[in-house]
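Next come the chains, spelled out residue by residue.
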Amino acid sequence: MSVEKYKQAWGKFQNKMTSLKKRKHEILKTISEKLDKQHIEAIRKQMKNHE
Amino acid sequence: MNRFEPTTETIKKPEAQENHEVPRSVENPEELRQQMTSEAEKQTGQFKQECTDDLLRVEERAEKDGLLIDGEDKKALENLGTEAEATKKELEFEIALIKNTEKANIVGVTRDRNFEGSVIVKTEDKEGRVTGYALRKNSHGDWEGNEIRYMKDGAIGPVYQLHEADFSKLGEQGILDSYESMPAMKERTIESPEILSEKEASKKFLSEERKKLAQEIREQRKAQRERLSVLKIDSEEANKSPESMDGELEDKQYAQFAERQSVEVDTITERLSSSELNDQEASDERENIGQLIASSGEIKSLKAKLEDHYTKADAIAKNKFESMQKSVEQTMIRNNAFIVHTFLLDERLRHNENSNITQRATLEDDIDILLSFEPSISTSSVVPGSRQGLWGGRIGVVLGGGDIRGIAQTDNGTVTGGIKMRNGEISSSKEIDEKVSNKGERGYNELVVNNPEVFGFFQNVQIDKSGNMIGFEDAGSEQDNKNRKEDFLKYIDLAIQKGMPPLIMTPDRRLFEFSSISNEGVVSVGAEITPKQVAKGKAGLPNEKRTAIGEQIIAKNLFRKIDDQKEAKEIIAELSGKEKSGVELSQEEYLAYARDNQGRFHDFPKHLLEDKNFMLEAAQFDPVSAYEYAGDNLKKDMEFIERVYSLEKKNTRSSVYSLMPDELKKNEKIALIAIENNDFEDIDSTLADSPAVWEKIVDKIVERNNPAKWFSRNIGEQQVVGNTFYMKKGFSGVDMTEKLTSDASFVQKLNNRYPNYRFEIDEYKQLLVTKLAK
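Residues numbered from 1 in each chain as written. Chains lettered and ligands numbered in written order. Predicted model: local features only at pLDDT ≥ 70, side-chain atom pairs only at ≥ 80, totals over all residues.

A. View of the overall build of chain A. Within chain A, the secondary structure is distributed over one helix and zero strands. Looking at chain A as a whole, 25% of its 51 residues are labelled buried. (Helix = DSSP H or I, 4+ residues; strand = E, 2+ residues; numbered from the N terminus. Buried ≥ 20, exposed ≤ 12 C-beta atoms within 10 Å, placed from the backbone.)

Put into structure tokens, the structure is as follows:
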């Protein structure tokens with residue numbers, strides 16, 4: 001009986017960990033996108049200065 | 001890689017990551033628990049590391065390209081590690097919760113004479129199946145035992161032997177812990193009595209004082225030495241002068257000098273005065289001699305102290321020896337006698353007025369009180385092989401230890417003065433021996449034993465013509481014999497439950513181990529037990545068991561006096577290693593006591609008896625007693641009186657009004673409240689002249705005289721009603737019947753209230769009632 005309960009608790013833990021991993025992925029994606037955007041802006045600025 | 005491509009492509013998507021699974025095949029909870037814990041640790045650790053690494057990586061990139069990471073994003077990434085840690089803790093908490101529910105459902109811890117020497121821990125599963133574990137430890141301290149499957153009717157079914165591997169599982173389920181909770185008598189070391197010498201007694205009983213004295217002596221010796229050297233130097237100086245004292249004073253002589261008494265010193269002083277020392281020298285010498293006198297005095301005082309010390313040590317040694325001689329153990333050994341305490345089976349008689357326990361106490365409570373508090377009790381001694389009487393019933397306990405206070409040849413009618421105190425004669429060991437050693441046929445004697453330690457529980461048997469021990473007489477019918485056997489075994493089982501070995505006592509006061517009883521009442525016994533074995537055997541419960549049982553007794557408020565209830569708490573506190581001076585009863589405990597012992601407020605503390613809130617709560621249980629014992633000020637409190645009246649139940653043993661202080665009884669307002677509450681039998685006669693009071697009394701008597709309740713004749717017939725009414729003048733009654741019957745309003749009110757009857761005062765001044773209608 002308790003084995004089932006342990007497995008349920010494990011499932012709950014796994015779900016939470018998966019959710020954390022997804023959030024990490026989202027945050028990293030946002031950071032990268034923001035950095036990319038900054039980078040593009042910087043290049044555009046550079047190119048404009050060259051013109 | 002295109003430099004404009006978002007870096008997210010380099011991040012593994014969670015779905016694609018490796019999935020750490022706890023093996024589905026694991027069915028052992030312990031194994032599963034361990035795997036889950038370690039896997040969770042691994043996963044959270046890995047995740048936290050990934051968060052750190054990812055952050056470093058994006059920071060490196062930002063730095064390289066001269067970019068800035070949004071602070072909030074950075075913080076969110078850092079927080080993920082903390083969240084992962086919290087998730088792991090949550091899992092660990094859940095694991096702990098589940099683990100707790102894995103414990104076996106223990107439904108009882110008991111002993112069973114079929115499994116001698118074992119403690120049976122009974123468990124029940126969700127389907128209601130009861131399994132017992134008969135557990136014991138062998139001589140090496142290792143577990144042994146059996147698993148018992150019980151039938152639905154409670155009978156023992158199949159029994160299996162337990163193996164080593166089973167005990168670790170039983171340990172996890174908390175079953176082995178329960179074994180320890182079962183009471184068992186404790187091992188003892190019995191010392192042989194001997195009188196110690198003064199020196200030995202001083203070392204053993206007065207070690208602190210001895211150390212202090214030794215220190216004083218050392219200090220005194222040192223001071224003496226110092227004074228002597230000063231004097232020696234001065235005298236040597238004096239000897240250099242031709243006019244000095246004659247002869248040389250050696251060290252030895254100085255020492256002797258120091259020991260002389262003041263008379264001798266005076267002589268020397270005189271001699272010094274007559275010598276030709278100069279004034280200063282003579283003065284110094286006198287001072288030195290003065291010091292010697294003082295020193296000698298201190299030595300004498302020390303000697304006296306030493307003598308006192310050894311006299312005291314000797315007295316203690318003698319007292320200790322006498323106490324040992326008066327112990328239950330030594331008395332049994334010297335006189336080859338048992339000391340027993342019997343119980344009456346009739347609960348109405350078991351606690352007479354000599355007892356400090358209420359009649360609510362069951363036999364089991366009595367045994368618990370004896371085992372836990374080891375109270376001062378009344379006992380009797382019997383010599384095996386003799387026909388000697390015992391007080392009371394067929395069951396009792398054999399004492400293995402305790403301190404005998406005194407002995408009387410017959411019933412001494414001793415009474416308790418607290419849990420640890422019982423009055424009665426104080427006897428010497430010689431007097432005790434004279435009576436206990438008596439082997440003649442006699443009735444029961446009475447010994448008061450303090451701090452009794454129980455060795456075992458006995459049940460008396462008879463001997464039939466064939467010499468069999470008989471636990472009950474054969475009733476002739478199977479059913480009756482079954483009942484009688486159950487009744488016999490009931491006490492044996494109770495003894496086993498309490499950890500007391502069950503014993504059998506024969507009419508000639510021999511003691512045997514109980515083995516079994518047949519359906520016809522024939523008792524089988526094991527080895528015979530001698531007083532010496534009892535004296536040296538296990539007796540009394542260990543302190544932790546005494547504490548546990550004692551706490552249960554305290555919660556039942558079984559003592560007749562609240563002081564004994566407090567003493568019980570003090571005993572338990574001391575058993576637990578606490579100071580008894582710290583024991584106080586809380587208000588809740590006083591209330592619980594008031595609830596369980598109605599009317600017993602008299603020994604409550606004064607401040608509680610004056611506390612209106614407390615007394616009103618206590619009045620819930622017995623309002624009249626609450627008023628009776630309320631403090632003087634509270635007794636006069638109008639609100640308190642009204643509230644008590646509102647609580648007062650019918651058929652109380654006395655009225656509230658009668659318990660009031662005299663000055664209050666003359667108060668018209670108080671009297672009106674009392675009458676309103678039908679408490680008007682004792683109203684003070686001085687209030688008869690108060691129209692308000694009299695009118696109220698008349699109204700109440702009219703209300704009380706409802707003829708529908710007592711008129712026993714037919715319509716048209718008459719009946720005389722006895723209508724006497726008394727008021728009080730001090731302790732005497734004042735007959736107010738005539739005033740009542742001559743009061744026209746009384747008859748008028750009766751006729752108005754009960755129109756189906758006619759009330760009139762006849763020529764004999766009696767109240768005559770005629771029934772007019774149904």
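B. Region of interest: the overall build of chain B. Helices and strands together make up the secondary structure of chain B, namely 28 helices and 19 strands. Within chain B, buried positions represent 29% of all 774 residues.

C. Structural context of the nonpolar core. All names here are of chain B. Counting 63 residues, the largest nonpolar core has Phe 338, Ile 339, Val 398, Leu 399 and Leu 503 as the members making the most contacts within it. Examining the composition of this core, we find that seven residues originate from one element, strand β9 (residues 446-460), more than from any other. If near-sequence neighbours (up to four positions away) are discounted, Ile 339 is found in contact with Val 328, Thr 331, Met 332, Thr 379, Ser 381, Leu 399, Leu 447 and Val 449. Counting 45 residues, the second-largest nonpolar core is a separate cluster that includes Ala 594, Met 615, Tyr 757 and Leu 767. (Core = buried A, V, L, I, M, F, W, Y, C linked by C-beta atoms within 7 Å. Contact = placed C-beta atoms within 7 Å.)

D. Broad picture of helix α16 (residues 543-555) of chain B. Residue and element names in this part refer to chain B. Along its 13 residues, α16 runs 18 Å from first to last C-alpha, staying within 8% of the 18 Å computed at 1.5 Å per residue. Along α16, the residues classified as buried are Lys 545, Arg 546, Ile 549, Gly 550, Ile 553 and Ile 554. Mapping the buried residues of α16 onto a view down its axis gives an arc of 165°, with all of them on the same face. Counted as exposed and oriented over 90 degrees from the buried face of α16: Gln 552 and Ala 555. (Expected span 1.5 Å × (residues − 1). Arc of directions from axis to C-beta.)

E. Representation of the pairing of β9(B) in the model. Residues and elements named next belong to chain B. Extensive coverage of β9 is indicated by the burial of twelve of its 15 residues. Where strand β8 (residues 395-408) lies against β9, eleven bridges are found, and the strand directions are antiparallel. The residue of β9 that forms the bridge with Gly 396 is Phe 458. Here four bridges tie β9 to strand β12 (residues 502-505), and the two strands are oriented parallel to one another. The partner of Phe 457 across the bridge, within β12, is Pro 502. (Pairing = 2+ DSSP bridges.)

F. Structural detail: the pairing of strand β6 (residues 338-343) of chain B. All names here are of chain B. Most of β6 sits out of view: five of its six residues are buried. Bridging between β6 and strand β7 (residues 377-382) involves three bridges; their strand directions are antiparallel. Bridging across to β7, Phe 338 finds its partner in Val 382.

G. Representation of helix α10 (residues 328-335) of chain B. With respect to burial, α10(B) is a largely interior element, six of its eight residues being buried. Buried within α10(B) we find Val328(B), Glu329(B), Gln330(B), Thr331(B), Met332(B) and Asn335(B).

H. Representation of the packing of helix α20 (residues 612-619) of chain B against helix α23 (residues 638-647) of chain B. Residues and elements named next belong to chain B. One way to put it is that α20 packs onto α23 with a least axis distance of 10 Å and a crossing angle of 15°. The orientation of α20 with respect to α23, classified from their angle, is roughly parallel. Judged by the twist between their axes, the crossing of α20 over α23 is right-handed. Contacts between α20 and α23 involve Lys 612, Leu 616 and Ala 619 from the former and Phe 640, Arg 643, Val 644 and Leu 647 from the latter. Counted by class, the contact of α20 with α23 contains five nonpolar, no polar and two charged residues. (Axes fitted to C-alpha atoms, helices over the stretch in contact; angles between N-to-C directions. Parallel < 35°, antiparallel > 145°, perpendicular 65-115°, else oblique. Left-handed = near helix turned anticlockwise from the far one by under 90°. Nonpolar A, V, L, I, M, F, W, Y, C, P; charged D, E, K, R; others polar.)

I. Highlighting the confidence of the model for chain B. Residue and element names in this part refer to chain B. Of the residues in chain B, 86% have a pLDDT of 70 or more, and the chain-wide mean is 84. Within the model, the stretch residues 14-18 combines pLDDT values under 50 with six contacts to residues more than four positions away or in other chains. For this predicted complex, the interface confidence score (ipTM) comes to 0.94, while the overall pTM stands at 0.64. (pLDDT = per-residue confidence, 0-100.)

J. Fine view of the sheet that holds strand β18 (residues 757-761) of chain B. All names here are of chain B. Read across the open sheet, the three strands follow the order β15-β19-β18; overall the sheet is antiparallel. Edge positions in the sheet fall to β15 (718-721) and β18, since each of these pairs with one other strand and no more. The average undirected angle you get between the axes of adjacent strands in this sheet is 25°. In the sheet, β15 pairs with strand β19 (residues 767-771) via four bridges, with the strands oriented antiparallel. Across the sheet, Val 720 pairs through a bridge with Leu 768, a residue of β19.

K. Local environment of the sheet that holds strand β2 (residues 119-124) of chain B. Residues and elements named next belong to chain B. The five strands lie next to each other as β1-β2-β3-β4-β5, forming an open sheet whose pairing is antiparallel. Taken across any chain shown, the strands that pair with only one partner, and hence form the sheet edges, are β1 (106-110) and β5 (156-161). For this sheet, the mean angle separating the axes of adjacent strands, direction not counted, is 20°.

L. Expanded view of unusual backbone geometry. Residues and elements named next belong to chain B. Positive phi values are uncommon outside glycine, yet Asn 451 reaches one of about 50°. Considering the arrangement of structural elements, one finds Asn 451 in strand β9. For Asn 451, a count of 16 C-beta atoms within 10 Å puts it in the partly exposed group. For Asn 678, which is not a glycine, the phi torsion comes out positive at approximately 60°. Examined against the element boundaries, Asn 678 turns out to sit in the loop between α25 (668-676) and α26 (691-704).

M. Representation of the packing of α26(B) against helix α28 (residues 744-753) of chain B in the model. Residues and elements named next belong to chain B. The N-to-C vectors of α26 and α28 enclose an angle of 40°; their axes lie 10 Å apart at closest approach. Relative to α28, the element α26 lies oblique. The handedness of the crossing between α26 and α28 is right-handed. Residue-level inspection shows Val 698, Asp 699 and Val 702 of α26 in contact with α28, the latter providing Ser 745, Phe 746, Lys 749, Leu 750 and Arg 753. The residue makeup of the contact of α26 with α28, split by class, is four nonpolar, one polar and three charged.

N. Representation of the environment of Ser655(B). All names here are of chain B. Position of Ser 655 among the secondary structure elements: in the loop between α23 and α24 (662-665). Overall, Ser 655 belongs to the partly exposed group, with 19 C-beta atoms counted inside 10 Å. Residues Ser 655 and Phe 680, spaced 25 residues apart in sequence, show a C-alpha to C-alpha distance of 8.7 Å. Apart from the residues lying within four places of it in its own chain, the contact partners of Ser 655 are Asp 679, Glu 681 and Asp 682.

O. Fine view of the environment of Gln533(B). Its location among the elements puts Gln533(B) in helix α15 (residues 531-536). Measuring from C-alpha to C-alpha, the distance between Gln533(B) and Phe455(B) comes to 9.9 Å, with 78 residues separating the pair along the chain.

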